[in-house]
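Analysis of the macromolecular model
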Amino acid sequence: MNETTLLAQHAGFLPSRGSIMIDFVFVAMFGIILVLGVSIYLVRYLRMYQVHKWIQVITGIVLLVTVIAFEVDMRFFTDWEKLAEPSKFGSTTVHNLLYFHLLFAIPTPILWIVVIWRALLKFPSPPEPGPHSASHLFWGRLAAIGMLLTAVTGWVFYYAAFVA
Ligand code: HEM
C-alpha cells in the first residue's frame with residue numbers, strides 16, 4: 001500500500017494526518033474536560049451531589065468504551081507511526097511525547113475506576129458528604145488533575161505527530 005492510499009484510507013475529519021479515531025479522541029477530550037469542570041463546580045459550589053454522581057458514572061463509562069475502541073483501532077487498524085512520519089519534530093521527539101502522555105494516560109483510567117467504585121460503595125444513595133468525604137476529596141482531585149494532564153499531553157502529542 002503506498003503512502004497516499006494509506007493516508008486516504010485513514011483520513012479523519014480534522015485537517016491533520018490523524019485517523020478518524022485519533023481525531024475523535026482529540027475532540028472528545030475537550031468535552032470530557034468541560035463536563036468534568038461542570039461536575040466539580042456543581043458538587044463544590046451548588047452541592048448537587050446526585051448530579052455529580054451521575055455525570056461521573058456516565059463519563060466514566062463513555063471513557064471506558066472510547067479507550068477500548070481506541071486501543072483496538074491502534075493495534076489492528078491504524079499505523080499511527082506511519083501517519084506521524086512526515087512530522088517536523090522527528091521520530092524520537094514524537095515517541096518521547098507519547099511516553100510522557102502515557103505517564104498520565106495509563107494510571108488515570110485505573111484511578112477513575114477506583115474512585116468511582118469506592119464512591120458508589122461508601123457514599124450513601126443518594127450521595128451526601130460523610131466519612132468517605134476526606135478520602136474522596138483527595139483521590140477525586142487527583143483523578144481530575146490526572147485527566148486534565150492526560151488531555152493536555154495528548155493534545156501536544158497530537159500536534160507534534162499529526163499536525164506539525
Ligand atoms: C472519577 C470520578 C469522580 C471524580 C473525579 C470526582 C471528583 C470530585 C471532587 C474533585 C470533589 C470535591 C469538590 C471540592 O473541591 O469540593 C468531589 C466531591 C464529591 N463527590 Fe465526587 N468524583 C467522582 C465520582 C463520584 C461518585 C461516583 C460519587 C457518588 C457516588 C461522588 C460523590 C461525591 C460527593 C458526595 C462529594 C462531596 C464530598 C464533600 O464535600 O464532603 N463522586 N468529587
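These notes cover the structure that comes with them. (Residues numbered from 1 in each chain as written. Predicted model: local features only at pLDDT ≥ 70, side-chain atom pairs only at ≥ 80, totals over all residues. Heavy atoms only, no water.)

The coordination sphere of the iron atom of the ligand, as far as protein atoms go, consists of H52 (NE2) and H136 (NE2), spread over 2.0 Å. The coordination sphere of the iron atom of the ligand comprises 6 donor atoms, whose angles at the metal cover 86 to 179 degrees; the geometry is octahedral. With H52 in helix α3 (residues 49-77) and H136 in helix α7 (residues 133-163), this residue pair connects regions lying 84 residues apart in the sequence. The buried category is assigned to H52, whose relative accessible area is 14%. (Donors = N, O, S within 2.8 Å, 3.2 Å for Na, K, Ca; no water. Tetrahedral: all angles 85-135°; square planar, octahedral: opposite > 155°, others 65-115°. Helix = DSSP H or I, 4+ residues; strand = E, 2+ residues; numbered from the N terminus. Buried < 20%, exposed > 50% of the residue type's maximum accessible area, 1.4 Å probe, protein only.)

What follows concerns helix α5 (residues 90-105). Here α5 contains 16 residues, and its C-alpha end-to-end distance of 22 Å stays within 8% of the 22 Å for a straight helix at 1.5 Å per residue. The set of residues buried in α5 consists of V94, H95, L98, H101 and A105. One face of α5 carries all of its buried residues, which in axial projection span an arc of 120 degrees. Residues of α5 that are exposed and angled more than 90 degrees away from the buried face: T92 and L103. Tucked inside the fold, the buried residues of α5 contact α4 (80-84), α6 (107-122) and α7. (Expected span 1.5 Å × (residues − 1). Arc of directions from axis to C-beta. Contact = heavy atoms within 4.5 Å.)

Before going further, it helps to spend a moment on the site of the ligand. Near the ligand, the surroundings consist of 22 residues, among which R44, H52, S133, H136 and R141 are the closest. Residue H52 places a side-chain N or O atom 2.8 Å away from a nitrogen atom belonging to the ligand. A distance of 2.8 Å separates an oxygen atom of the ligand from a polar atom in the side chain of R141. Spatially, the ligand is embedded in the second largest pocket. For the shell around the ligand, the elements supplying multiple residues, two or more each, are α2 (20-45), α3, α6 and α7. No other element matches the 6 residues that α7 contributes to the shell around the ligand. Residue composition of the shell around the ligand, by class: 13 nonpolar, 5 polar and 4 charged. (Near = heavy atom within 4 Å. Polar contact = N/O pair within 3.5 Å; in protein donor to acceptor, adjacent residues only side chain to side chain. 1 Å grid on protein atoms, 1.4 Å probe; cavity = no way out; pocket = protein on both sides within 12 Å on 5 of 7 lines; lining within 4 Å. Sits in = over half its atoms within 2 Å of the grid points. Nonpolar A, V, L, I, M, F, W, Y, C, P; charged D, E, K, R; others polar.)

In this section: the packing of α5 against α6. The interhelical angle for the contact between α5 and α6, taken along N-to-C directions, is 10 degrees, at an axis separation of 5 Å. For the element pair α5 / α6, the angle class is roughly parallel. Residues L102, L103, F104 and A105 of α5 touch α6, and the partners they reach there are P107, T108 and P109. Here the residues of the contact of α5 with α6 sort into 6 nonpolar, 1 polar and no charged. (Axes fitted to C-alpha atoms, helices over the stretch in contact; angles between N-to-C directions. Parallel < 35°, antiparallel > 145°, perpendicular 65-115°, else oblique.)

Going from S125 to P126, the amide bond is cis rather than trans, its omega being 0 degrees. Relative to the assigned elements, P126 resides in the loop between α6 and α7.

As a further point, take the side chain of K53. Note that K53 resides in helix α3. One buried charged residue, K53, forms no salt bridge at all, with the nearest opposite charge on E128 at 12 Å. In this structure the side chain of K53 is engaged in a polar contact, spanning 3.4 Å, whose partner is the side chain of S125. Residue contacts for K53: discarding those within four places in its chain leaves L120, S125 and P127. (Lys, Arg positive; Asp, Glu negative; His and termini not counted. Salt bridge = Lys/Arg side-chain N within 4 Å of Asp/Glu carboxyl O.)

Tallied over the full model, the rule gives 10 aromatic pairs. Connected via pairs of aromatic rings, a cluster forms that spans F26, F30, W80, W155, F157, Y158 and F162. (Phe/Tyr/Trp six-rings, centres within 6.5 Å; stacked < 30°, edge-to-face > 60°.)

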